Amino acid sequence: MSDAPPSLSPLDETWERALCIVAHPDDMEFGAAAAVARWTGQGKQVVYCMVTSGEAGIDGLHPDECRSVREAEQVESARIVGVDEVEFLGLQDGVIEYGVALRRVLAEVVRRHRPEIVVTGNFHDTFGGRNLNQADHIAVGRAVLDAVRDAGNRWIFAEQLTDGLEPWGGVREVWAAGSPLAEHGVDTTDTFEAGVDSLRAHGAYIDGLGWENFDPAEMLEGFGRATGTRMGVTFAAPFEVFPMGWGD
Ligand SMILES: [Zn+2]
């Protein structure tokens, strides 16, 4: 008997377009960005969609000023891992509500970008153990799963289907990065540094956290090594897979 966590299967990489929908700037950078760097390096197209601009994320900075700071940091962070398109939906940071209104907004995004894979963040109550997840993350992840199905149904949010916008039922899987229930992973050994640099790009945010001696490289190494061990590689990022088809 071993207490080692179960091994992780490699994620499917036979796709061309992914859309990453997360609540805040920086959500992709606590582990998933190195996987994005790997995929863009393979020639895949990855687009980021931020539901909020993370404007409530810095205690000493009013949201009116914080918004543009964090958007600029996210755009630079994305550029570092090969993502040229970052969309900000402008919902209010910290008070995102799961529901039909959010599903409607996200379904429209899915219909416009027509991805094969949608990536979101962990939306379970915790990150494993007792570390509570954050309310916006939970609301967004749950709504992403629903919105992906809504996007494929022409009778749901039908008012969006004008000016050439069509239903999109082509999303094969939704992947939740950093889920404690992950059974899949991505080898990020070769792109690990890009992932660290993409987190460092959130300089104002990291300073605002006020965590003493916080070192992005050290933290990502800790996560990455633990996950890498489960795949027999140096570094890896974990993902929980939600298949969107029936019976496959
Ligand atoms: Zn967040």
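Please refer to the structure placed before this passage.
Residues numbered from 1 in each chain as written. Predicted model: local features only at pLDDT ≥ 70, side-chain atom pairs only at ≥ 80, totals over all residues. Heavy atoms only, no water.

## Points about unusual backbone geometry
Backbone phi values are negative for most residues with the exception of glycine, while trans is the configuration of most peptide bonds. Heads up, the condition is: Helix numbering and strand numbering both begin at the N terminus, where a helix is a DSSP run of H or I of at least 4 residues and a strand a DSSP run of E of at least 2.
In the Ramachandran plot, Asp26 falls in the positive-phi region, its phi being about 90° despite a non-glycine side chain. Mapped onto the elements, Asp26 comes out in the loop between strand 2 (17-22) and helix 1 (33-41).

## Structural notes on the pairing of strand 7 (residues 184-187)
Heads up, the rule is: What makes two strands pair is DSSP finding at least two bridges between them.
Direction of pairing for strand 1 (residues 9-10) relative to strand 7: parallel, over a ladder of two bridges. Residue pairing for strand 7: Ser9 is matched across the bridge by His184. When strand 7 meets strand 8 (residues 236-243), the two strands line up antiparallel, connected through four bridges. Among the inter-strand pairings, His184 is bridged to a residue of strand 8, identified as Phe239.

## Brief notes about the nonpolar core
This is how it is decided: The definition of a nonpolar core used throughout is a set of buried Ala, Val, Leu, Ile, Met, Phe, Trp, Tyr and Cys residues joined through side-chain atoms within 4.5 Å. For every residue, the accessible area (1.4 Å probe, protein chains only) is compared with the maximum for its type, and the residue is labelled buried under 20%, exposed over 50%, or partly exposed between those bounds.
Ile21, Leu106, Val110, Val144, Val148, Val171 and Val174 are the most contacted members of the largest nonpolar core, which has 29 residues in total. With eight residues, helix 4 (residues 135-151) is the single largest residue contributor to this core. Counting residues in each nonpolar core, the second largest holds 27 residues, with Leu11, Trp15, Met50 and Val186 among its members.

## Some thoughts on the packing of aromatic side chains
Rules: Working definition: rings of Phe, Tyr and Trp (its six-membered ring) pair if their centres are within 6.5 Å, and the pair is stacked with planes under 30 degrees apart, edge-to-face with planes over 60 apart, and tilted otherwise.
The tally for this structure, following the rule as stated, stands at eight aromatic pairs. Ring plane angle 75° and centroid distance 6.0 Å describe the contact between Trp15 and Trp175, whose orientation is recorded as edge-to-face. Taken together, the positions of Trp15 in the loop between strand 1 and strand 2 and Trp175 in strand 6 (residues 173-177) put the pair 160 residues apart, joining distant regions of the chain. Residue classification places Trp15 among the buried residues on the basis of a relative accessible area of 2%. Given the relative accessible area of 0%, Trp175 is considered buried. Where Trp39 meets Trp175, the ring centres are 5.6 Å apart and the plane angle is 50°; that geometry is what we call tilted. With Trp39 in helix 1 and Trp175 in strand 6, the pair connects residues that are 136 residues apart, well separated along the chain. Accessibility assignment for this pair places Trp39 and Trp175 in one class, buried. Every member of this aromatic cluster is reached through a ring pair, and the members are Trp15, Trp39, Trp175 and Phe239.

## Remarks on the pattern of salt bridges
Rule in force here: For this analysis, a salt bridge means a side-chain nitrogen from Lys or Arg found within 4 Å of a carboxyl oxygen belonging to Asp or Glu.
On inspection of all chains with the given rule, the structure shows twelve salt bridges. In this structure, the salt-bridge partner of Glu108 is Arg112, at a minimum N-O distance of 2.9 Å. Here Glu108 and its partner Arg112 are both found in helix 3 (residues 100-113), four residues apart, which amounts to about one turn of the helix. Look at Glu108 and you get partly exposed, because its relative accessible area is 24%. The class of Arg112 is partly exposed, set by a relative accessible area of 36%. Here Arg149 makes a salt bridge to Asp146, at a shortest N to O gap of 2.9 Å. Taken together, the positions of Arg149 and Asp146, both in helix 4 and three residues apart, correspond to about one turn of that helix. When its relative accessible area of 49% is taken as the criterion, Arg149 is described as partly exposed. Put simply, Asp12, Glu116 and Arg172 are held in one network by salt bridges that share partners.

By themselves, these are just geometric observations and shouldn't be taken as functional.
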